[in-house]
Amino acid sequence: MARLLITSGPTRQYLDPVRYITNCSSGLMGAALAQAALELGHQVTILTGPVTICYPDAASVIEVLSTDEMLSHAVAQFPDFDGVIGAAAPCDYKPSQVSQEKLVKDGSGINLELFETPDVIATLGQSKLDHQWVVGFALETDDHRFRATTKAQQKCCDLIVLNGVTALNSTMTSIHILTQQGECVLRAHGTKQDVSHEILSVVQRRLIDFDGEEGP
């Protein structure tokens, strides 16, 4: 049995007490991966942004709102886990200032200055110990394989799951799993439930049961 941390869902970056920027990640893939991991006998903790779905009852769930909160909890939790699967879509940008009062429309509009948020999976990848592994996700709209491979290298991911925008808020997905060297070790298409089992099969074989005799 392995201890798996799975990040899931979107995060929110507030502009004022009621408005925020986010994305349309649903958490469906995170939930499907958690269920597949549980069926393999693993212990699962899900670190999730705000979603409307239900996660498997057998998984532990930690709820967060912002990318900074997800990062803080991930860094605190990761030392207790064998590996992490980063299926979340943390918000990549946050406003330089957050109004403490609701912004009032006055006809003049507003200008937003946005800063990049810290990268959750990159932070974990750079801090992982020899016995730990990291699986990232990359959603790309062009130069798919090159960008995903580059992300795998920059984030110190053992494997990276490449998908596209059609997977967002959908029950279906098409994925490639790539190594840091750009080798494709799985192509899969179908429901997120079915594809998650294929992903976990690769993770099980190449990372959890890996005996060191050949590269992951």
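Residues numbered from 1 in each chain as written. Predicted model: local features only at pLDDT ≥ 70, side-chain atom pairs only at ≥ 80, totals over all residues. Heavy atoms only, no water.

Every buried residue of helix H2 (residues 67-77) is listed here: Thr-67, Met-70, Leu-71 and Ala-74. One side of H2 carries all its buried residues, which in axial view fall inside an arc of 100 degrees. Each element contacted by the buried residues of H2 is listed here: strand S1 (3-8), strand S2 (13-14), strand S4 (43-48) and helix H3 (120-127). (Buried < 20%, exposed > 50% of the residue type's maximum accessible area, 1.4 Å probe, protein only. Helix = DSSP H or I, 4+ residues; strand = E, 2+ residues; numbered from the N terminus. Arc of directions from axis to C-beta. Contact = heavy atoms within 4.5 Å.)

Let us now look at the pairing of strand S6 (residues 83-86). Burial along S6 is two-sided: the face carrying Gly-83 and Ile-85 and the face carrying Val-84 and Gly-86 are both buried. Where S1 meets S6, four bridges bridge the pair, whose relative direction is parallel. Residue Leu-5 lies in a different strand from S6, and its bridge partner there is Val-84. In terms of strand pairing, S6 meets strand S9 (residues 133-139) through three bridges, oriented parallel. Note on S9: the bridge partner recorded for Val-84 is Val-134. (Pairing = 2+ DSSP bridges.)

Quick look at the packing of H2 against H3 now. The contact between H2 and H3 brings their axes to 9 Å, and the two run at 20 degrees. Here H2 is positioned roughly parallel relative to H3, judged by the angle of their axes. As for how H2 packs across H3, the hand of that crossing is right-handed. Of the residues in H3, those in contact with Thr-67, Met-70, Leu-71, Ala-74 and Val-75 of H2 are Val-120, Thr-123 and Leu-124. The residue inventory of the contact of H2 with H3, partitioned by class, reads six nonpolar, two polar and no charged. (Axes fitted to C-alpha atoms, helices over the stretch in contact; angles between N-to-C directions. Parallel < 35°, antiparallel > 145°, perpendicular 65-115°, else oblique. Left-handed = near helix turned anticlockwise from the far one by under 90°. Nonpolar A, V, L, I, M, F, W, Y, C, P; charged D, E, K, R; others polar.)

Summarising the element assignment, Thr-117 is placed in the loop between strand S8 (114-116) and H3. In this structure the side chain of Thr-117 is engaged in a polar contact, spanning 2.6 Å, whose partner is the backbone oxygen of Cys-91. Apart from residues lying up to four places away in sequence, Thr-117 is in contact with Gln-13, Thr-67, Cys-91, Asp-92, Tyr-93 and Lys-94. (Polar contact = N/O pair within 3.5 Å; in protein donor to acceptor, adjacent residues only side chain to side chain.)

Let us now look at the packing of aromatic side chains. One pass over the full model with this rule turns up one aromatic pair. A cation sits over an aromatic face here: Arg-3 above Phe-81, 4.6 Å from the ring centre. (Phe/Tyr/Trp six-rings, centres within 6.5 Å; stacked < 30°, edge-to-face > 60°. Lys NZ or Arg CZ within 6 Å of the ring centre and 35° of its normal.)

The next thing to look at is the confidence of the model for the chain. Per-residue confidence for the chain averages 94 on the pLDDT scale, and 97% of its residues sit at or above 70. In this model, residues 212-216 is a region of pLDDT below 50 whose contacts with residues beyond four sequence positions or in other chains number six contacts. (pLDDT = per-residue confidence, 0-100.)

On the surface, a nonpolar cluster with roughly 380 Å² of combined accessible area is contributed by Tyr-93, Ile-110, Leu-112 and Leu-114. As for its position among the elements, Leu-114 is in strand S8. The class for Leu-114 is partly exposed, based on a relative accessible area of 39%. (Patch = residues over 30% accessible without salt bridge, like charges linked within 9 Å, V, L, I, M, F, W, Y side chains within 5 Å. Areas by Shrake-Rupley, 256 points an atom, 1.4 Å probe, with all protein chains shown as cover. Salt bridge = Lys/Arg side-chain N within 4 Å of Asp/Glu carboxyl O.)

A few words now on the pattern of salt bridges. Counting across every chain of the model gives six salt bridges. The residue Asp-119 makes a salt bridge to Lys-155 at a minimum N-O spacing of 3.1 Å. Taken as a pair, Asp-119 in the loop between S8 and H3 and Lys-155 in the loop between helix H4 (144-154) and strand S10 (159-163) lie far apart in primary sequence, 36 residues in all. On the basis of relative accessible area, Asp-119 is assigned to the partly exposed category, the value being 31%.

Let us now look at the sheet that holds S1. Spatially, S5-S4-S1-S6-S9-S10-S11-S12 is the arrangement adopted by the eight strands of the open sheet, whose pairing is mixed. Of all the strands in the sheet, just strand S5 (60-63) and strand S12 (184-191) have a single pairing partner and so form its edges. Neighbouring strand axes in the sheet, compared pairwise and without regard to direction, differ in orientation by 20 degrees on average. Sheet topology note: the S10/strand S11 (residues 172-179) ladder contains four bridges and is antiparallel. Residue pairing for S11: Ile-160 is matched across the bridge by Leu-178.

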